[in-house]
Amino acid sequence: MKSLKKFLFEKHYVSIPLTFTATNHFAITAKVNGVKGRFILDTGASNTCIDMDKQEVFAMKAKSSEIKAAGAGAIDMETQISSGNQIVLGKWKRKRQKIVLFNLVHVNEALSIHDTEPVDGIIGADILKKGKAIIDYDKRRLYLKKK
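Residues numbered from 1 in each chain as written. Predicted model: local features only at pLDDT ≥ 70, side-chain atom pairs only at ≥ 80, totals over all residues. Heavy atoms only, no water.

Participant: What should I look at first to understand the overall build of the protein chain in this one?
Facilitator: Scanning the protein chain from N- to C-terminus turns up three helices and eleven strands. Here the protein chain has a C-alpha radius of gyration of 15 Å; the compact-globule value for 147 residues is 15 Å, and the two agree. If one aligns the C-alpha atoms of the protein chain with their principal axes, the spans along those axes are about 50 × 35 × 25 Å. Within the protein chain, counting contacts between residues at least 6 apart in sequence, those at least 24 apart form 59% of the total. (Helix = DSSP H or I, 4+ residues; strand = E, 2+ residues; numbered from the N terminus. Rg over C-alpha atoms; globule rule 2.2 N^0.38 Å. Contact = heavy atoms within 4.5 Å.)

This is how it looks when you write it as structure tokens:
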């Protein structure tokens with residue numbers, strides 16, 4: 001029987017390492033517009049997000065949004081939308097990615113309580129769906145399908 005890794009490589013998937021945190025989240029390294037950052041992998045987040053304070057760091061142009069964000073105990077948070085971003089996870093790449101910007105202070109405060117490093121953002125279900133994601137919890141790998 002083939003291993004999952006070999007099977008998925010034959011199906012043109014790429015493997016991206018995940019780090020398990022003290023808060024029972026997976027952390028992942030991604031590049032947005034050529035800038036490396038630390039992100040939480042969140043299957044329950046509908047959109048990929050970056051902290052508003054990191055807009056300039058990741059060279060993002062954003063427009064105000066009427067949509068309010070909610071999550072991790074915070075509600076009705078102001079958001080901005082940034083379009084046309086490039087995101088790279090391992091050898092998987094997507095151009096023209098929409099990313100939501102909002103204040104992630106509440107997320108990073110929760111992480112710091114558990115002595116976990118802060119994150120720049122969240123990789124959400126939008127990326128996971130586009131990449132036909134498969135998460136191997138045992139091996140701590142994310143698999144995304146190349147186009």
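Now, onward.
Participant: Explanation requested: the pairing of strand β11 (residues 141–145) in the structure shown.
Facilitator: Each regular strand displays side chains that alternate between the two surfaces of the sheet. When strand β1 (residues 13–17) meets β11, the two strands line up antiparallel, connected through five bridges. Note on β11: the bridge partner recorded for Val14 is Leu144. In this structure, strand β10 (residues 134–136) lies alongside β11, joined through three bridges in antiparallel fashion. Residue pairing in the sheet places Ile135 in a bridge with Leu142 of β11. In this antiparallel pair of consecutive strands, β10 and β11, the connection spans four residues, and Arg140 shows a positive phi of 55°. (Pairing = 2+ DSSP bridges.)

Participant: Explain the sheet that holds β10 here, please?
Facilitator: Hydrogen bonds along the backbone pair up the strands of a sheet, which may run parallel or antiparallel. Strand order across the open sheet formed by three strands is β1-β11-β10, with antiparallel pairing between neighbours. Edge positions in the sheet fall to β1 and β10, since each of these pairs with one other strand and no more. Looking at each pair of strands side by side, their axes are set apart by 25° on average, direction ignored. (Axes fitted to C-alpha atoms, helices over the stretch in contact; angles between N-to-C directions.)

Participant: Mind showing me how you'd approach the layout of surface pockets here?
Facilitator: To find the voids left in a structure, one rolls a probe of water-molecule size over its atoms. Computed from the structure, the second largest pocket encloses a volume of approximately 170 Å³. Around the second largest pocket, the lining is made up of 13 residues, and of these Ile16, Pro17, Ile28, Thr29 and Ala30 lie nearest the centre. Looking at which element gives the most residues to the lining of the second largest pocket, the answer is strand β3 (residues 26–32), with five residues. Of the residues that constitute the lining of the second largest pocket, the class distribution is seven nonpolar, three polar and three charged. (1 Å grid on protein atoms, 1.4 Å probe; cavity = no way out; pocket = protein on both sides within 12 Å on 5 of 7 lines; lining within 4 Å. Points joined across faces, edges and corners; volume = space filled by probe spheres on them. Nonpolar A, V, L, I, M, F, W, Y, C, P; charged D, E, K, R; others polar.)

Participant: Which parts of the structure should I look at to understand the nonpolar core?
Facilitator: Core analysis: the largest hydrophobic core is formed by 22 residues, its most contacted members being Ile28, Phe39, Ile50, Leu89, Ile123 and Leu142. For this core, the secondary-structure elements that each account for two or more residues are β1, β3, β4 (35–41), β7 (74–89), β8 (92–102), α3 (125–130) and β11. The leading source of residues in this core is β3, at four residues. Grouped together as the second largest cluster of nonpolar side chains are eleven residues, Ala45, Leu104, Val107 and Leu111 included. (Core = buried A, V, L, I, M, F, W, Y, C linked by side-chain atoms within 4.5 Å. Buried < 20%, exposed > 50% of the residue type's maximum accessible area, 1.4 Å probe, protein only.)

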